[in-house]
Amino acid sequence: MPAAELASQADSLKKWRDKNVITYCDSGSNGAGAARALIKLGFTKVFNLQGGLNAWVKENLPLTKTAGGKSSSK
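First, a word on what this report is: a plain description of the structure on this page. Since the structure is predicted, the reported quantities are computational estimates derived from the model, not experimental observations. (Residues numbered from 1 in each chain as written. Predicted model: local features only at pLDDT ≥ 70, side-chain atom pairs only at ≥ 80, totals over all residues. Heavy atoms only, no water.)

A cluster of nonpolar side chains, namely Ile 22, Tyr 24 and Phe 47, defines an oily patch on the protein surface of about 370 Å² accessible area. Classification of Phe 47 by relative accessible area gives partly exposed; the value is 46%. (Patch = residues over 30% accessible without salt bridge, like charges linked within 9 Å, V, L, I, M, F, W, Y side chains within 5 Å. Areas by Shrake-Rupley, 256 points an atom, 1.4 Å probe, with all protein chains shown as cover. Salt bridge = Lys/Arg side-chain N within 4 Å of Asp/Glu carboxyl O. Buried < 20%, exposed > 50% of the residue type's maximum accessible area, 1.4 Å probe, protein only.)

Next comes the structure, spelled out in structure tokens:
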């Protein structure tokens, strides 16, 4: 979900407030902003992927993309 939609979708996200939630973007900066927004909405277990997906890929960590219910490794 785009960070800009978090506040407007707060009611539909309530069920996730006590679950682990990971925020991310390509570089990590927008993900950090999304993490702050979720904390303001009452989320208790929010983590941002430091360095974003770019850092994840640079470390050769696994990345899976789901489209139409099917997973495939990238």
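Take the environment of Asn 60 next. Within the secondary structure, Asn 60 sits in the loop between helix 3 (52–58) and strand 3 (64–67). Overall, Asn 60 belongs to the exposed group, its relative accessible area being 69%. Along the primary structure Asn 60 and Gln 9 are separated by 51 residues, whereas in three dimensions their C-alpha atoms are 33 Å apart. (Helix = DSSP H or I, 4+ residues; strand = E, 2+ residues; numbered from the N terminus.)

Our next topic: the layout of surface pockets. What the largest pocket holds in volume is close to 340 Å³. Forming the boundary of the largest pocket are 15 residues, of which Met 1, Leu 6, Ile 22, Thr 23 and Leu 38 lie nearest the centre. Those elements that place two or more of their residues in the lining of the largest pocket are strand 1 (21–23) and helix 2 (29–40). Tallying contributions element by element places helix 2 first for the lining of the largest pocket, with four residues. A breakdown of the residues in the lining of the largest pocket according to their chemical character gives twelve nonpolar, three polar and no charged. (1 Å grid on protein atoms, 1.4 Å probe; cavity = no way out; pocket = protein on both sides within 12 Å on 5 of 7 lines; lining within 4 Å. Points joined across faces, edges and corners; volume = space filled by probe spheres on them. Nonpolar A, V, L, I, M, F, W, Y, C, P; charged D, E, K, R; others polar.)

Listed in full, the eight residues of the largest apolar core are Leu 6, Leu 13, Val 21, Ala 34, Ala 35, Leu 38, Phe 43 and Val 46. When residues in this core are grouped by element, the largest group, three residues, is from helix 2. Sequence-distant contacts of Leu 38, that is, excluding residues within four places in its chain, are made with Leu 6, Val 21, Thr 23, Phe 43 and Val 46. (Core = buried A, V, L, I, M, F, W, Y, C linked by side-chain atoms within 4.5 Å. Contact = heavy atoms within 4.5 Å.)

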